[in-house]
Amino acid sequence: MRLVVADDSLLLREGLVRLLEEAGFEVVGQAGDADDLVRKVSAHKPDVAVIDVRMPPTNTDDGLRAALKIRLRQPQIGVLVLSAYVEETYAQELLAHGAAGVGYLLKDRVSELGRFTEAVRRVGEGGTVLDPEVVTQLLRSDRRKDHSLVELSPRELETLALMAEGRSNVGIAEQLVVTDRAIEKHVSNIFAKLQLEPVPEDHRRVLAVLHYLRDSSG
Amino acid sequence: MPEPGADILIVAGSEPVASTVRIPLEEVGHHVRVVSDGVAALAALKRQLPDVVVAEWELRGLDGRRLCQAVRADRELSGTHMIVLTSAARTERAVEALEAGADDYLATPFARTELLARVRAGRRTAQLRASEARLRALMANVPGAIYRCAPDRDWTMELISDEIERISGYPPADFIDSAVRTFAGIIHSDDRERVEDAVFEACAAGRPFVLEYRIQRADRDERWVLERGQLVHGTNGRTWLDGAIFDISARRLAEEERRGREAEQARVVELRASRARIIEAADAARRRIERDLHDGAQQRFVAVALQLRLLASQLERTVPEVVPLIKDTLEELQRAIDELRELARGIHPALLSERGLVRAVEALLSRMLMAVALRAPPKERLPARVEVAFYYLIAESLTNACKHAHANTVSVEIGRANGRAWVQVRDDGVGGATASKGSGLCELGDRVEALDGTLTVLSPPGDGTTIRAEVACA
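Described in the following lines is the structure provided in the data block. For clarity, every value in this text was computed on a predicted model and none was experimentally measured.

The rules behind each value
All residue numbers refer to position in the chain's written sequence, counted from 1. Chains and ligands are labelled sequentially in the order written, the chains with letters from A and the ligands with numbers from 1. Where totals are concerned, whole chains, interfaces and linings use all residues; where local detail is concerned, this predicted model gives features only for residues with pLDDT of at least 70, and gives and counts side-chain atom pairs only at 80 or more. Side-chain measures were taken over the full set of non-hydrogen atoms in the model, leaving aside hydrogen atoms and water. Whether two strands pair depends on DSSP finding at least two bridges between them. Helix and strand definitions here come from DSSP, where helices need a minimum of 4 consecutive H or I residues and strands a minimum of 2 consecutive E residues; each element is numbered from the N-terminal end. Residue contacts follow a heavy-atom distance rule, with two residues in contact if any of their heavy atoms lie within 4.5 Å. What counts as buried area is the accessible surface, traced by a 1.4 Å probe, that two parts surrender upon association, with contributions from both included. The working definition used for a salt bridge is a side-chain nitrogen of Lys or Arg within 4 Å of a carboxyl oxygen of Asp or Glu. Polar contacts, as used here, are pairs of N or O atoms within 3.5 Å; protein pairs need one atom able to donate a hydrogen and one able to accept it. Residues neighboring in sequence count only if both atoms are side-chain atoms. Axis definition: a line fit to C-alpha positions, over the contact stretch in the case of helices; interaxial angles, taken between N-to-C directions, run 0 to 180 degrees. For classification, angles of less than 35 degrees are called roughly parallel, those exceeding 145 degrees roughly antiparallel, those between 65 and 115 degrees roughly perpendicular, and all remaining angles oblique. We call Asp, Glu, Lys and Arg charged. Ala, Val, Leu, Ile, Met, Phe, Trp, Tyr, Cys and Pro are nonpolar, and the rest, Gly among them, are polar. Criterion for a disulfide: a pair of cysteine sulfur atoms at a distance within 2.5 Å. Burial classification: accessible surface area is computed with a 1.4 Å probe over protein chains only, and a residue below 20% of its type maximum counts as buried, one above 50% as exposed, and the rest as partly exposed.

### Let's talk about the pairing of strand β8 (residues 209-216) of chain B
Residues and elements named next belong to chain B.
Right, on to step 1. Looking at chain direction, β8 and strand β9 (residues 222-233) are connected through eight bridges and run antiparallel. Note on β9: the bridge partner recorded for V210 is R228.
Right, on to step 2. Turn length for the β8-β9 hairpin, with the two strands adjacent in sequence and antiparallel, is five residues, and the turn residue R220 shows positive phi of about 70 degrees.

### Remarks on the interface of chain B and chain A
Right, on to step 1. Taken together, the 35 residues of chain B in the interface contact 37 residues of chain A.
Right, on to step 2. Between chain B and chain A lies a buried interface of about 3300 Å² when both sides are counted; carbon and sulfur atoms form 51% of it.
Right, on to step 3. Of all residues in chain B, the largest losses of buried area upon contact with chain A belong to L306, L310 and R355 of chain B, amounting jointly to 19% of the total for that side.
Right, on to step 4. At the boundary of chain B with chain A, the tally comes to five salt bridges.
Right, on to step 5. On the surface where chain B and chain A come into contact, there are ten residue pairs in polar contact (both at pLDDT 80 or more).
Right, on to step 6. Of all the secondary structure elements, the ones that give two or more residues to the side of chain B that touches chain A are α8 (249-318), α9 (323-347), α10 (350-355) and α11 (357-366) of chain B.
Right, on to step 7. The greatest single-element share of the side of chain B that touches chain A, amounting to 15 residues, is contributed by α8 of chain B.

### What to know about the packing of α8 of chain B against helix α12 (residues 384-403) of chain B
Residues and elements named next belong to chain B.
Right, on to step 1. Across the interface, α8 lies against α12 with an axial gap of 12 Å and an inter-helix angle of 75 degrees. Between α8 and α12, the crossing angle belongs to the class labelled roughly perpendicular. Across the interface between the two elements, A276, E280, D283 and R286 of α8 pack against R385, V388 and Y392 of α12.
Right, on to step 2. When the residues that make up the contact of α8 with α12 are grouped by side-chain class, the tally is three nonpolar, no polar and four charged.

### Overview of the environment of S459 of chain B
Residue and element names in this part refer to chain B.
Right, on to step 1. Following the sequence through the fold, S459 ends up in the loop between β14 (454-458) and β15 (465-472).
Right, on to step 2. Between the alpha carbons of S459 and A433 there is a distance of 5.5 Å; along the sequence they are 26 residues apart.
Right, on to step 3. Dropping the residues within four chain positions of it, S459 is found in contact with G431, G432, A433, G464 and T465.
Right, on to step 4. Here the side chain of S459 touches G432 through a polar contact of 2.8 Å, landing on its backbone nitrogen.
Right, on to step 5. Of the polar contacts made by the side chain of S459, one reaches the side chain of T465; its length is 2.8 Å.

### Notes on the state of the cysteines
Right, on to step 1. The final tally for this structure, using the stated rule, is zero disulfides over all chains.
Right, on to step 2. There is no disulfide at C203 of chain B, and the cysteine sulfur nearest it, in C149 of chain B, is 8.9 Å away.

### Regarding helix α13 (residues 440-450) of chain B
The α-helix winds at 3.6 residues per turn, so residues separated by three or four positions along the chain end up facing the same way.
Right, on to step 1. Those residues of α13 of chain B that fall on the buried side of the exposure criterion are L441, C442, L444, G445, R447, V448 and A450 of chain B.
Right, on to step 2. Of the residues one or two after α13 of chain B, D452 of chain B is the one with positive phi, at around 65 degrees.

See the structure below:
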């Protein structure tokens, strides 16, 4: 899988590149600012661009804007956005034109090597990966609005967060160290509480959840 | 050059006498009226005041003596020049006439030239008297004290009008010849030297002077006066100062009040501006600190965590016993990263400048455990300074509601209409919040005031707290 990595911190970028190469990815380009990123993505057409939100030139949300630009121009290229803070607003902007090949993670997740490389791979395959923090925020802001009355149990919340990361029931069961059967029950409870029809594909489940949350929080 | 004719009234009991006076006067162009007794003379005088009256002493009814007395007693008539005709044989009559108020006498029989000369002189006197009367009337009516004084350091007064009494509280006679006091003596001691210098300087340069200075009144009150004057050179080398002094205390007072008000307003404006500058500088510092944390410590920690992770995965094969230690370190590092993130976000939420108040507040609320209702968010962004002020106001109010007020429900309202923007945070907690000095609320009040807005805190004990900020927002 071919990657472009964009981060203005050289130290971190080098670390990321090393980590991703050790995990078997091919890093075809590195960028230190948003313009450079857009250029290199156009030139290399990678499977995934790993992008830091805050980058030059303005050092605000340039990385995010570049990611949105890439999503519009080259929707086949996956974008995995990393940020020091996870903001529901940014997640919604990233998902506004579809959830395929989109990832949004807290930056410090990169040190959880297995999880991070797995996320990169999933985005490259057209999946969706959202930071559990985003799901928590979405649910909280959803709970603030009286119309939904969602009351998920802590276990169901954990399950939903892992679903948002694009995992299968088996993957979630492994992570939470419970049986597949138990997870199936949680998932169907979640769908029931969210009044959603259960659908078989992994990332479609995430989409369903996110669509629901996005619609109700928009 | 011949003068235009004078108005002359002849009072003569007999036609021959009247003619001897009338004919020569008419020949040189005077206008002459003739009456035959004193009563008719008074009526003619009242009808039109002549320049000169030539009257016989012996008259029927009202005689010359009583006519003179009547003319002198009447304010309106007293300016007229009275010449009495007396017999040369009886010189004591002349004395009687002058004592009765006549200005002059002419002994009969008289020479034509003497008559004309006496009339001419009389007319001049009458004119002088009239102009003096006008001057007196003017002096009495001008809203200032008219003076003539010696150009000396005492300002020794030759004359000064009654107005000086209203201005200074001292009668004019006090100052005439410095009889009781000198005018210099009532000038405020701080101003005396300045006045003296300015007057002498103007006199030396031959310029008029205009001065404002203070005097001390009889009742010890201070008054501001304006004086205009100039040095006048008389004949025979004498010089004096003519001028007028006006009371301008009311104007000075009004001016001082206006200046005071303007200075006060300028101070208020400057205070607000400096407060706004301080707050803006503090906000800029917060943004800088957040950025420094983000670009520095936060990035570095993540990079270190990454490297530790890589190190651990390598050591797993060679020295597996150290791996748990590294993992513990990593966990500790992760906590530090989390704490640092929350710290940086608290210092300045990047989302506020990037996506605006409503998104930043939504993000703030999504991190809170308590359910908070957010209402009526405005569509367009507010000015940056207003957004920052409102954000911190909401954050501080929410903290108070959770920590101190033990509230169950909290609502946040952001609104904008009719050139105003407002934010209101209401909770159902214990109330009793005050914006005392040094409190968070007080700081928020400063912030809102710096935007020329108002902060109101409604927090009756036991009945919840409502905090509302409102600012002008075009």
